[in-house]
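Letter by letter, the chains look like this.
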Amino acid sequence: MNKSKRIQCLDIARTFAIMSVVLCHAVELIYPMNVKGWTSLGMASRLFRTCFFTIGRLGVPIFLFISGYLLLNKKIENDEGCIKFYKHNLIPLLVITYIWIVIYNIFISLFYSKRFDLSILVKEILFLEKVPVANMWYMPMIVGIYVAIPFVNKIIKNFSIKSLRIPMLIVFGIYFIIPNINAFMSTFKLKQYTTILDTSFLGGIYGLYIITGYLISKDYLKRIKYRWLVLISMFGFILACLMQIFIYTKSFQYNVWYNSALIFICTACLFEIFTRVDAKKINIKLMNICTDISKISLAIFFVHIIIEQILKKYIIAINISNPIKVLVLFAVSFCISILIIQILSKIKLIKRYVFFIKE
C-alpha cells in the first residue's frame, strides 16, 4: 500500500514493536539472564535490566495484535478465499522463513567456526528442530497461526463478544493466570498445578493475542477512557517488573514471557492507545520515518540479530557500564540493519524474497 492508504496508527505501533524486539535481544546479549548473573549486578543495573528487558517483551504482543487487527478483517468467505490467502500470505511467509534458516545456518557456520550440517538444516526447515538464533522461535509460531487464520476469520465473524468471552476466559485462565501463579508458588517451594483440560483447539497463548487484536479493531475497548488505558498499561508493566525482581531475590530465575497476564493486559491497553493516535497531529517527517520503518520491520527482525551478534564482542570490550552497552548495541544494530536493508533492497529479488518488502 502507498502511504495514503496505510493505517498510519499501525505503522507507529509496528515501529514501536520492532524497536522493542531489537532492544530485548540487546539486553539478553549484554546481561546474563540467570540467577548467577543477577547476583553479580548492583541494584541500579538490576533495575535497568529488568525494566528494559520488559520493554523488549512488549514488541511481540503488539505484532500479534496487528496481525489479528488486519488478518481477521480480511474477506475470506470460501475455499477460493482460503487458497488465495495461503498463496499470497502463507506461502511467501514460508519461503522467507526457509531462506533465513539457510542464511542463519551459514552465518553460524562462518562466525562461530562450526561445521555446516545439512541434516540439521533439513530438520530446521521441516520444523523438527529449533534454529539456534534468539528470534527464530517466532517464525514457526506465526506460520502455524497463518495456517489457521482463514478458519478463525470465518468463525469469529459469526459470533459476538458474548460467545467469544467464554473460550477467551478459559484460555486466559489456563495459559496466563496459572503459569503466573506457579511462578510465585515455585519461590515458596509449593506444589505447582497444571490443568488436564484439553484446550488445544482454542489457539493457546498467541491465538488469544490474535483474537484480541481483532476485537480492538472492532472498538471493544473504546469505552475505556484514555487516561485509564495509560494507567492500566503502566500498572501492568510495573507489576511485571516487580514480579521478576521479587522472584530473582528468592534465587529463582524468572524472565517474563508472553504468557504473563500482566504483559497481556499492559500491551492490550498500549495497542488500544496506538489505535487512537491521530497521525495528522504528528510531524510529517516523523510519521514518514515510522511508515518507512514499518514497511521494513520484518526485514529488521531478521537482519538485526546477525548485526547484534557481530557487534556484541566489540561493545562488551568497551569500558562503559552495562546499561550504556545495551543502549549502544541497540541503537547501532538498529541503524546498521536499516542501512543494510536499504542498500540490498535495491536488488528486486532480495527485496521481495529475502526482506519481504511490499511496494
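All values reported here derive from a predicted model rather than from experimental measurement.

Bringing the state of the cysteines into the picture now. Note: disulfide means a covalent bond formed between the sulfur atoms of two cysteine side chains. Summed over the entire model, instances satisfying the criterion amount to zero disulfides. With no disulfide of its own, cysteine 269 has cysteine 266 as its nearest cysteine by sulfur position, at a separation of 7.6 Å. Note on cysteine 335: no disulfide assigned, nearest cysteine sulfur contributed by cysteine 290 at a separation of 14 Å.

A few words on the layout of surface pockets. In this model, the largest pocket occupies a volume close to 1,200 Å³. Along the walls of the largest pocket sit 34 residues, with Arg14, Leu70, Asn89, Tyr146 and Lys358 positioned nearest its centre. If you list the elements that add at least two residues to the lining of the largest pocket, you get α1 (8-30), α4 (59-71), α5 (79-111), α7 (138-156), α12 (284-295) and α13 (297-317). Residue contributions to the lining of the largest pocket peak at six residues, all from α5.

Applying the stated criterion across every chain, the model contains 31 aromatic pairs. For the pair tryptophan 137 and tyrosine 206, a centre-to-centre distance of 5.8 Å together with 40° between the ring planes defines the contact as tilted. One end of the pair, tryptophan 137, is in the loop between α6 (118-125) and α7; the other, tyrosine 206, is in helix α9 (residues 204-217), with 69 residues separating them in the sequence. With a relative accessible area of 26%, tryptophan 137 lands in the partly exposed category. Site record: aromatic cluster; members linked through ring pairs are Trp100, Tyr104, Trp137, Tyr138, Tyr206, Trp257, Tyr258, Phe301 and Phe302.

Within the largest apolar cluster, 108 residues are counted, with the highest numbers of intra-cluster contacts made by Leu64 and Tyr209. If one sorts the elements of this core by residue count, α1 sits on top with 14 residues. Filtering out sequence-adjacent residues up to four positions away, tyrosine 209 remains in contact with Pro61, Leu64, Phe65, Phe176, Tyr258, Ser260, Ile263, Phe264 and Thr267.

Turning next to the packing of helix α10 (residues 226-249) against helix α11 (residues 261-275). Two elements in contact, α10 and α11, have axes separated by 8 Å at closest approach and are oriented at 150°. Compared by their axis directions, α10 and α11 come out roughly antiparallel. As for how α10 packs across α11, the hand of that crossing is left-handed. Of the residues in α11, those in contact with Tyr226, Leu229, Val230, Ile232, Ser233, Gly236, Phe237, Leu239, Ala240 and Met243 of α10 are Leu262, Ile263, Ile265, Cys266, Cys269, Leu270, Glu272 and Ile273. A per-class count over the contact of α10 with α11 returns 15 nonpolar, two polar and one charged.

It is worth spelling out the pattern of salt bridges at this point. Scanning the entire structure with this criterion turns up eight salt bridges. The closest approach of N and O atoms between aspartate 11 and arginine 6, which form a salt bridge, is 2.8 Å. Here arginine 57 and glutamate 28 are joined by a salt bridge, their closest N and O atoms 4.0 Å apart. In this pair, arginine 57 is assigned in the loop between α3 (43-56) and α4 and glutamate 28 in helix α1, connecting sequence segments 29 residues apart. Note on glutamate 28: relative accessible area 30%, which makes it partly exposed. Each of Asp219, Lys222, Glu272 and Arg276 takes part in salt bridges that share partners, so that together they form one network.

How each quantity is defined
- Residues numbered from 1 in each chain as written.
- Predicted model: local features only at pLDDT ≥ 70, side-chain atom pairs only at ≥ 80, totals over all residues.
- Heavy atoms only, no water.
- Disulfide = S-S within 2.5 Å.
- 1 Å grid on protein atoms, 1.4 Å probe; cavity = no way out; pocket = protein on both sides within 12 Å on 5 of 7 lines; lining within 4 Å.
- Points joined across faces, edges and corners; volume = space filled by probe spheres on them.
- Helix = DSSP H or I, 4+ residues; strand = E, 2+ residues; numbered from the N terminus.
- Phe/Tyr/Trp six-rings, centres within 6.5 Å; stacked < 30°, edge-to-face > 60°.
- Buried < 20%, exposed > 50% of the residue type's maximum accessible area, 1.4 Å probe, protein only.
- Core = buried A, V, L, I, M, F, W, Y, C linked by side-chain atoms within 4.5 Å.
- Contact = heavy atoms within 4.5 Å.
- Axes fitted to C-alpha atoms, helices over the stretch in contact; angles between N-to-C directions.
- Parallel < 35°, antiparallel > 145°, perpendicular 65-115°, else oblique.
- Left-handed = near helix turned anticlockwise from the far one by under 90°.
- Nonpolar A, V, L, I, M, F, W, Y, C, P; charged D, E, K, R; others polar.
- Salt bridge = Lys/Arg side-chain N within 4 Å of Asp/Glu carboxyl O.

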